[in-house]
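If you want the building blocks of each chain, they are given just below.
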Amino acid sequence: HSIFWLSMTPGGAKPAGEIEKALVASFGSVQAGLDEFAAASKAVEGSGWGVLAWEPLSDKLLVLQAEKHQNLTVWGVVPLLVCDVWEHAYYLKYQSNRGDWVKAFMSIANWPLADHRLEMARKMCKMM
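Reading guide: rules and limits
- Residues numbered from 1 in each chain as written.
- Predicted model: local features only at pLDDT ≥ 70, side-chain atom pairs only at ≥ 80, totals over all residues.
- Heavy atoms only, no water.
- Core = buried A, V, L, I, M, F, W, Y, C linked by side-chain atoms within 4.5 Å.
- Buried < 20%, exposed > 50% of the residue type's maximum accessible area, 1.4 Å probe, protein only.
- Helix = DSSP H or I, 4+ residues; strand = E, 2+ residues; numbered from the N terminus.
- Pairing = 2+ DSSP bridges.
- Axes fitted to C-alpha atoms, helices over the stretch in contact; angles between N-to-C directions.
- Left-handed = near helix turned anticlockwise from the far one by under 90°.
- Contact = heavy atoms within 4.5 Å.
- pLDDT = per-residue confidence, 0-100.

Chemist: Go over the nonpolar core with me, naming the residues and quoting the values.
Modeler: Grouped together as the largest cluster of nonpolar side chains are 39 residues, with contacts concentrated most on Ile19, Leu52, Leu61, Trp101, Phe105 and Trp111. Of all the elements in the fold, those that place two or more residues in this core are α2 (18-27), α3 (30-42), β1 (48-55), β2 (60-67), β3 (78-84), α5 (98-107) and α6 (111-127).

Here is the structure:
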C-alpha cells in the first residue's frame, strides 16, 4: 500500500522525462503504455494490483498483474506505479465499476514519482 498512496497526486500529471522515454521505448508510445497499464489493472482476476514496473536486465518497462500481492509477478523488477484494484480501494465511490476507478486513477497517476523511481532504480543498478 505504501507505493499505492504515493502513486496518486492531486490533479495528476503527464509522463515526462525518463519515464516518458521508457514508455515509448517499451510500448511504442506513451499512450500505448498507459493503455496497457489501464487494461491490465482492469483485468486483474479477483482482487489485486496493476503494476507498472522496470525490468533492469532489458531496461524495459513491464505491465504486471499482481493477484493476492504475490501471484503473477516477475522477480527482480522495480515497481514504479501501482493501481490497487481490491474493491476496498474504490467501492465507496465506484461500487463495483472497476473500469471507472482505473480511469480515475489514470487521471491522478503520479508520473513524477514514477520518473523518480525509475531514475533511482537505474542508478542503484549501475552501482551494483
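Chemist: Can you tell me about the pairing of β1, naming the residues and giving the values?
Modeler: The element β1 is extensively covered by neighbouring structure, given that eight of its eight residues are classed as buried. Counting the residues between successive antiparallel strands, the hairpin from β1 to β2 contains four residues, one of them, Asp59, with a positive phi of roughly 55°. Here β1 pairs with β3 via six bridges, running antiparallel. From the neighbouring strand, Gly50 faces β3, where its bridge partner is Cys83.

Chemist: Pulling in residues and values, what's your account of the packing of α3 against α5?
Modeler: The relative placement of two packed helices comes down to the angle between their axes together with the axis-to-axis distance. It is at 9 Å that the axes of α3 and α5 come closest, and there the two elements cross at 145°. Note on packing geometry: the crossing formed by α3 with α5 is right-handed. Where α3 abuts α5, its residues Leu34, Phe37, Ala38, Ser41 and Lys42 lie against Arg98, Gly99, Val102, Phe105 and Met106.

Chemist: Tell me about the confidence of the model for the chain, and please be specific about residues and values.
Modeler: Residues of the chain with pLDDT of at least 70 account for 91%, and the chain-wide mean is 88. In the model of the chain, helix α4 (residues 91-94) stands out as the element of lowest mean pLDDT, 69, in contrast to α2, which has the highest, 98.

Chemist: Could you give an account of the sheet that holds β3, naming the residues involved and the relevant values?
Modeler: Strand order in the open sheet formed by three strands is β2-β1-β3, and the pairing between neighbours is antiparallel. The two strands at the open ends of the sheet, each matched to only one other strand, are β2 and β3. Taking each pair of neighbouring strands and ignoring which way they run, the sheet shows an average axis angle of 20°. Against the sheet, α6 engages β1 and β3, with an angle of about 150° to β3.

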